[in-house]
Amino acid sequence: MNPTVVLLFSGKRKCGKDFITDHLQAKLGDKCELIKISLPIKSFWAKEMNLNLNELLSDGALKENYRLEMINWSDKMREKDYGCFCKDACQNAKGNPIWIVSDVRRATDIQWFKENYGNKIKTIRLSADEDTRKERGYKFKSGVDDVESECGLDNYSGWDLVIDNGRDRDSIEKQLEKIISLISV
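Fair warning: this is a prediction, and the values are worked out from it, not measured in the lab. (Residues numbered from 1 in each chain as written. Predicted model: local features only at pLDDT ≥ 70, side-chain atom pairs only at ≥ 80, totals over all residues. Heavy atoms only, no water.)

Sorry if this is basic, but what is going on with the overall build of the protein chain here?
Of regular secondary structure, the protein chain possesses 9 helices and 5 strands. Of the regular secondary structure in the protein chain, the N- to C-terminal order runs β-α-β-α-α-α-α-β-α-β-α-α-β-α. Its C-alpha atoms give the protein chain a radius of gyration of 16 Å, near enough to 16 Å, the size a compact globule of 185 residues would have. Over its C-alpha atoms, taken along the principal directions, the protein chain stretches across nearly 40 × 40 × 30 Å. Taking all 185 residues of the protein chain together, the buried fraction comes to 46%. (Helix = DSSP H or I, 4+ residues; strand = E, 2+ residues; numbered from the N terminus. Rg over C-alpha atoms; globule rule 2.2 N^0.38 Å. Buried < 20%, exposed > 50% of the residue type's maximum accessible area, 1.4 Å probe, protein only.)

Have a look at this one:
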């Protein structure tokens, strides 16, 4: 079954994408499906390197240790097929009407979803000031924070909603209300 709406979330590292999308998933319950474009990348990486997939999917040190290598490998795969990870991530989606894609990072990710789901797409950009991101564990890393996987959507202007998830953020309830207002299911 195709979704009724696909919510595409984007934002820099440590801006709170997982926090917001996890809360949104909890609020929407069985009406929604959480999809991570990074899942096929991390699944492959876990198998190849004999790593714990759950640890690689978490917000811990293991992911950071392999981040640069995963970026470089996934960029090579995207050169062959820019939508390969979007496609893989969506293949196991159930028949829920709302899809929450928690980690859109490139213009080609948005392009793939628009080509495949058209006007069902809603784009949400999360932002947070650098001090807040640092409090959450952000530390600039050359080759990670200055490449397309972090900066590819910095100049994208077609957001349906932009949410400040930094120092001056609204309560999580207000943030979720704004997101839910995009859904016309």
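Picking up where we left off.
Sorry if this is basic, but what is going on with the UniProt feature "binding site: ATP" (unreviewed entry) in the protein chain here?
Under the present numbering, the feature "binding site: ATP" (unreviewed entry) in UniProt falls on Lys12, Arg13, Lys14, Cys15, Gly16, Lys17, Asp18, Arg136 and Gln175. Checked against the element boundaries, Asp18 lands in helix H1 (residues 17–28). Here Asp18 falls in the partly exposed class, since its relative accessible area comes to 32%. Tracing the chain through its elements places Arg136 in the loop between helix H7 (130–135) and helix H8 (148–151). Overall, the relative accessible area of 28% leaves Arg136 in the partly exposed class. (UniProt positions renumbered as here; feature names shortened; annotations may be inferred.)

For this particular structure, what's the right way to read the packing of aromatic side chains?
Two aromatic rings, taken as a pair, are described by how far apart their centres are and by the angle between their planes. Inspection of the entire model under this criterion finds 8 aromatic pairs. These aromatic residues form a ring-pair network of at least three members: Phe44, Trp45, Trp73 and Phe85. One cation-aromatic arrangement involves Arg133 over Tyr138; the distance from NZ or CZ to the ring centre is 4.0 Å. (Phe/Tyr/Trp six-rings, centres within 6.5 Å; stacked < 30°, edge-to-face > 60°. Lys NZ or Arg CZ within 6 Å of the ring centre and 35° of its normal.)

When you look at the side chain of Arg125 in this model, what are you seeing that I'm missing?
Turning to its location among the elements, Arg125 is positioned in strand S4 (residues 121–127). Accessibility expressed as a relative area gives 12% for Arg125, which makes it buried. Within polar-contact distance, the side chain of Arg125 engages the side chain of Asp154 at 3.0 Å. Apart from residues no more than four positions distant in its own chain, Arg125 is found in contact with Ser10, Gly11, Lys12, Leu153, Asp154, Trp159, Leu161, Val162 and Ile163. (Polar contact = N/O pair within 3.5 Å; in protein donor to acceptor, adjacent residues only side chain to side chain. Contact = heavy atoms within 4.5 Å.)

Explain the environment of Lys31 here, please?
For Lys31, the location among the structural elements is in the loop between H1 and strand S2 (32–35). Note: C-alpha distance between Lys31 and Ile98 (67 residues apart in sequence) is 6.1 Å. Apart from the residues lying within four places of it in its own chain, the contact partners of Lys31 are Asn96, Pro97 and Ile98.

Before we go on, may I ask you to explain the pairing of strand S3 (residues 98–101) in this structure?
Across the two faces of S3 the burial is the same, with Ile98 and Ile100 and Trp99 and Val101 all buried. Across 4 bridges, the pairing between strand S1 (residues 5–11) and S3 is parallel. Each bridged residue has a counterpart across the sheet, and for Val6 the counterpart in S3 is Trp99. In this structure, S2 lies alongside S3, joined through 4 bridges in parallel fashion. The residue bridging Leu34 from the neighbouring strand is Ile100, located in S3. (Pairing = 2+ DSSP bridges.)

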